[in-house]
Every structure is written in C-alpha cells, then in structure tokens.
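Spelled out, the chains give:
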Amino acid sequence: GTGVIVGQEEMKLALQLNVIDPKIGGVMIMGDRGTGKSTTIRAIADLLPEIEVIKDDPFNSHKSDLDLMGNEVKTAIQNGQTLETEFIKIP
C-alpha cells in the first residue's frame with residue numbers, strides 16, 4: 001500500500017473530524033517512536049464527553065442511528081424492542 005506522512009497538526013485535525021463525524025470511519029496513525037501519537041490521542045480522548053450506547057453491546061452501538069449499530073442491535077431496534085443504554089467514556 002501507499003504510505004502518507006502527515007504532521008501533528010494534520011493528525012489532530014483528522015482525529016477531531018473523526019470525533020465530529022464517526023462515519024468517516026477512523027484515522028490510521030503511523031510514525032516513529034516519540035512523535036506524539038499516543039499523547040495526542042489520549043489528550044483528545046480525555047476532552048470528549050461520555051457517549052450513550054446500548055448496554056452490554058460489544059460494538060457500543062448507537063441508540064438510534066442505524067449506521068452506527070451492530071447487526072444484532074439493529075435487528076432488535078427494527079423489531080421494536082427497547083434496549084437499555086448506558087453512558088461510557090469513548091473507548
């Protein structure tokens with residue numbers, strides 16, 4: 001595959017955009033040791049509010065957005081089941 005090298009500002013922006021719109025699908029961060037990858041991710045994670053997810057769901061499915069649900073939760077919601085939710089720190 002092709003590699004793309006970006007600086008810390010671009011990394012922070014990519015992470016922030018992914019928080020705003022999770023449908024982006026993630027950010028791949030690569031770099032040498034000591035370039036601030038883990039520190040940046042931890043700092044952003046600490047700033048995030050807790051999110052409401054379906055309780056005991058391994059995919060942390062969203063309570064109402066079908067695009068952000070695992071298949072089991074999606075089927076249950078579409079069948080009219082009420083599922084318990086909980087607030088968690090973003091994993």
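Residues numbered from 1 in each chain as written. Predicted model: local features only at pLDDT ≥ 70, side-chain atom pairs only at ≥ 80, totals over all residues. Heavy atoms only, no water.

With respect to the helices and strands, the residue Val 53 is situated in strand E1 (residues 51-54). Here Val 53 falls in the buried class, since its relative accessible area comes to 1%. As a C-alpha pair, Val 53 and Leu 68 span 15 residues in sequence and 10.0 Å in three-dimensional space. (Helix = DSSP H or I, 4+ residues; strand = E, 2+ residues; numbered from the N terminus. Buried < 20%, exposed > 50% of the residue type's maximum accessible area, 1.4 Å probe, protein only.)

A cluster of nonpolar side chains, Leu 13, Leu 17, Ile 20 and Ile 24, forms an exposed patch at the surface whose accessible area comes to about 410 Å². Looking at where Leu 17 falls in the secondary structure, it is placed in helix H1 (residues 8-20). Taking the relative accessible area as the measure of exposure, Leu 17 reaches 42% and is therefore partly exposed. (Patch = residues over 30% accessible without salt bridge, like charges linked within 9 Å, V, L, I, M, F, W, Y side chains within 5 Å. Areas by Shrake-Rupley, 256 points an atom, 1.4 Å probe, with all protein chains shown as cover. Salt bridge = Lys/Arg side-chain N within 4 Å of Asp/Glu carboxyl O.)

A few words now on the packing of H1 against helix H2 (residues 37-47). The N-to-C vectors of H1 and H2 enclose an angle of 35 degrees; their axes lie 11 Å apart at closest approach. Considering only the axes of H1 and H2, their crossing is right-handed. Listed contacts from H2 to Gln 8, Met 11, Lys 12, Leu 15, Gln 16 and Val 19 of H1 are Lys 37, Thr 40, Ile 41 and Ile 44. The residue inventory of the contact of H1 with H2, partitioned by class, reads five nonpolar, three polar and two charged. (Axes fitted to C-alpha atoms, helices over the stretch in contact; angles between N-to-C directions. Left-handed = near helix turned anticlockwise from the far one by under 90°. Contact = heavy atoms within 4.5 Å. Nonpolar A, V, L, I, M, F, W, Y, C, P; charged D, E, K, R; others polar.)

Take unusual backbone geometry next. The phi angle at Asp 56 is positive, at roughly 60 degrees, despite the residue not being glycine. Among the secondary structure elements, Asp 56 is positioned in the loop between E1 and helix H3 (71-78). For Asn 60, which is not glycine, the phi dihedral falls at a positive 50 degrees. In this structure, Asn 60 sits in the loop between E1 and H3. Judged by its relative accessible area of 29%, Asn 60 is partly exposed.

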